[in-house]
Amino acid sequence: MKFNSNYIAGLGLAFALALTSCDKDFEEINMNPNSPETVSSSLLLPTIIRNSTNEISGKAWGYGNVVMQYTAKIQFTNEDRYNWGPEGNPYSTFYNSLRDINNMISISTEANQNNYVAVAKIMRAHMFSFMTDAYGDLPYSEATKAKESINYPVFDSQEQIYSNILSELEEANELLGSTNEVIEGDILFEGDVMSWKKFANSLRLRILMRLSDRIDPSEAMQTILSDPTKYPVFTSFEDQAALQYLQDVPNQHGLYTTRSGSFDEYRLSENMESVLKELNDPRLYAYAQPTNDSVCRNYRRGGRLSRSA
């Protein structure tokens with residue numbers, strides 16, 4: 001059997017190169033440049049904003065409308081019967097995003113990027129305020145610390161969570177603008193520092209209002225409202241924190257492609273219909289479309305008359 005001398009020489013050269021490469025750091029050689037272990041805050045931020053916004057808007061549509069008796073379900077009526085499963089809470093999405101927020105704060109603190117740190121703190125406060133509004137006590141102080149071997153975090157009281165959120169939002173207001181980096185990856189305010197300040201302070205006002213049945217928030221609210229230079233807030237509809245959805249991914253609305261937006265799964269609740277008709281409210285005709293039954297029952301331009309479960 002004959003061997004190709006060029007092939008054998010090639011093998012020898014490869015073996016020699018392999019021996020030479022042993023002198024190099026194995027971790028450096030084995031690092032995949034297409035799968036980085038750390039990324040910049042500008043790459044983490046869009047997903048944090050998008051996922052949390054989608055979760056809130058999805059729960060508002062899927063549960064909020066039914067709980068408030070604006071709508072009722074035609075099928076899959078668990079929500080009408082308050083029979084909610086694990087998918088009915090925002091824990092998964094929010095706590096996954098909170099891990100990204102922790103990474104964002106760590107990366108940005110090391111890089112002295114205070115604007116990113118502040119934005120991350122605002123988003124964290126926003127998520128925790130949403131969850132504690134719905135569920136009260138939550139894993140907060142020990143949450144998302146599995147890397148520190150805390151796998152069973154304690155539940156902090158709602159009072160303590162609100163207090164910490166207010167402090168974090170005040171800190172975020174102070175941090176914003178203290179460094180000069182541009183907030184890239186900001187799909188909410190397009191990097192506008194003033195808008196983030198307004199968001200932080202407006203959240204503070206909302207949380208203080210939440211607490212008004214337990215404590216008198218007037219002094220804290222007056223501190224914010226009496227100094228608009230230091231504590232700017234939302235003052236018009238244009239100031240709102242609203243994610244602009246697009247027709248295409250990645251910022252496509254979550255209900256856009258789901259069974260025509262899942263609108264065929266819902267109907268106007270009897271309670272909502274009665275209130276709107278008693279008030280002779282013209283929004284009824286924009287809010288719901290008439291069915292054959294409503295036309296037959298002589299309701300001019302009336303809404304769907306299916307009863308809630």
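No experiment lies behind these values; they were computed from the predicted model shown.

Visitor: What is the right way to read the overall build of the protein chain from this model?
Guide: For the protein chain, the count of helices and strands is 11 helices and four strands. Taken across its 309 residues, the protein chain has 37% of its residues classed as buried. Long-range pairs, those at least 24 residues apart, make up 68% of the contacts in the protein chain between residues at least 6 apart in sequence. For the protein chain, the accessible surface area stands at approximately 19500 Å², while carbon and sulfur atoms represent 51% of it.

Visitor: Just to check I follow, could you spell out the environment of R50 for this structure?
Guide: Residue placement: R50 occurs in helix α3 (residues 41-67). The exposure class of R50 is buried, given its relative accessible area of 16%. In this structure, the C-alpha to C-alpha distance between R50 and H253, residues 203 residues apart in sequence, is 9.9 Å. Not counting residues within four places of it along the chain, the set of residues in contact with R50 comprises I187, L243, P250 and N251.

Visitor: Just to check I follow, could you spell out the pattern of salt bridges for this structure?
Guide: It is possible for side chains of opposite charge to pair when their charged atoms get near one another. On inspection of all chains with the given rule, the structure shows nine salt bridges. Salt-bridge contacts for R124 lead to E168; the nearest nitrogen and oxygen are separated by 2.4 Å. Remark: E168 occurs in helix α6 (residues 158-175) and R124 occurs in helix α5 (residues 114-135); sequence separation between them is 44 residues. Here R124 matches E168 in class, with each residue buried. A network of salt bridges, in which partner residues are shared, links K121, R124, E168 and E171.

Visitor: Help me understand a nonpolar patch on the surface in this model?
Guide: Side chains of V67, M68, Y70, Y82, W84 and Y287 sit close together on the surface and give an oily, nonpolar patch of about 600 Å² of accessible area. Its place among the elements puts Y287 in helix α10 (residues 284-287).

Visitor: Where do I start with the packing of aromatic side chains in this structure?
Guide: Two numbers describe a pair of aromatic rings. These are the distance of the centres and the angle of the planes. Counted under the stated rule, the structure contains seven aromatic pairs. Judged by centre distance (5.6 Å) and plane angle (80°), the ring pair of F94 and F130 falls under edge-to-face. Taken together, the residues span a long stretch of sequence, with F94 in helix α4 (residues 91-110) and F130 in helix α5 at a distance of 36 residues. Under the relative-accessibility criterion, F94 is labelled buried at 0%. Considering the side-chain rings of W196 and F199, the 6.0 Å spacing of their centres and the 45° angle between planes classify their relative orientation as tilted. Remark: F199 and W196 occur in helix α7 (residues 193-210); sequence separation between them is three residues, near one turn of the helix.

Visitor: Which parts of the structure should I look at to understand the nonpolar core?
Guide: Residues I101, M104, I122, F128, L169 and W196 are the most contacted members of the largest nonpolar core, which totals 49 residues. Breaking this core down by element, the ones donating at least two residues are α3, α4, α5, α6, α7 and α8 (218-225). Here this core gets 11 residues from one element, more than from any other, and that element is α5. Setting aside its immediate chain neighbours within four residues, I101 contacts I48, A120, M123, R124 and M127. In terms of nonpolar packing, the next biggest core, distinct from the first, is built from five residues, L268, M272, L284 and A288 among them.

Visitor: Got a minute to help me understand unusual backbone geometry in this structure?
Guide: Most of the time, phi is negative for any residue but glycine, and the peptide bond is trans. You will see that S149, though not glycine, has its phi angle at about 65°, which is positive. With respect to the helices and strands, the residue S149 is situated in the loop between β2 (138-139) and β3 (155-156). Of note, the phi angle at N280 is positive, near 50°, even though the residue is not glycine. Position of N280 among the secondary structure elements: in the loop between α9 (270-278) and α10.

What counts as what
Residues numbered from 1 in each chain as written. Predicted model: local features only at pLDDT ≥ 70, side-chain atom pairs only at ≥ 80, totals over all residues. Heavy atoms only, no water. Helix = DSSP H or I, 4+ residues; strand = E, 2+ residues; numbered from the N terminus. Buried < 20%, exposed > 50% of the residue type's maximum accessible area, 1.4 Å probe, protein only. Contact = heavy atoms within 4.5 Å. Areas by Shrake-Rupley, 256 points an atom, 1.4 Å probe, with all protein chains shown as cover. Salt bridge = Lys/Arg side-chain N within 4 Å of Asp/Glu carboxyl O. Patch = residues over 30% accessible without salt bridge, like charges linked within 9 Å, V, L, I, M, F, W, Y side chains within 5 Å. Phe/Tyr/Trp six-rings, centres within 6.5 Å; stacked < 30°, edge-to-face > 60°. Core = buried A, V, L, I, M, F, W, Y, C linked by side-chain atoms within 4.5 Å.

Limitation: the analysis is restricted to geometry and does not speak to function.
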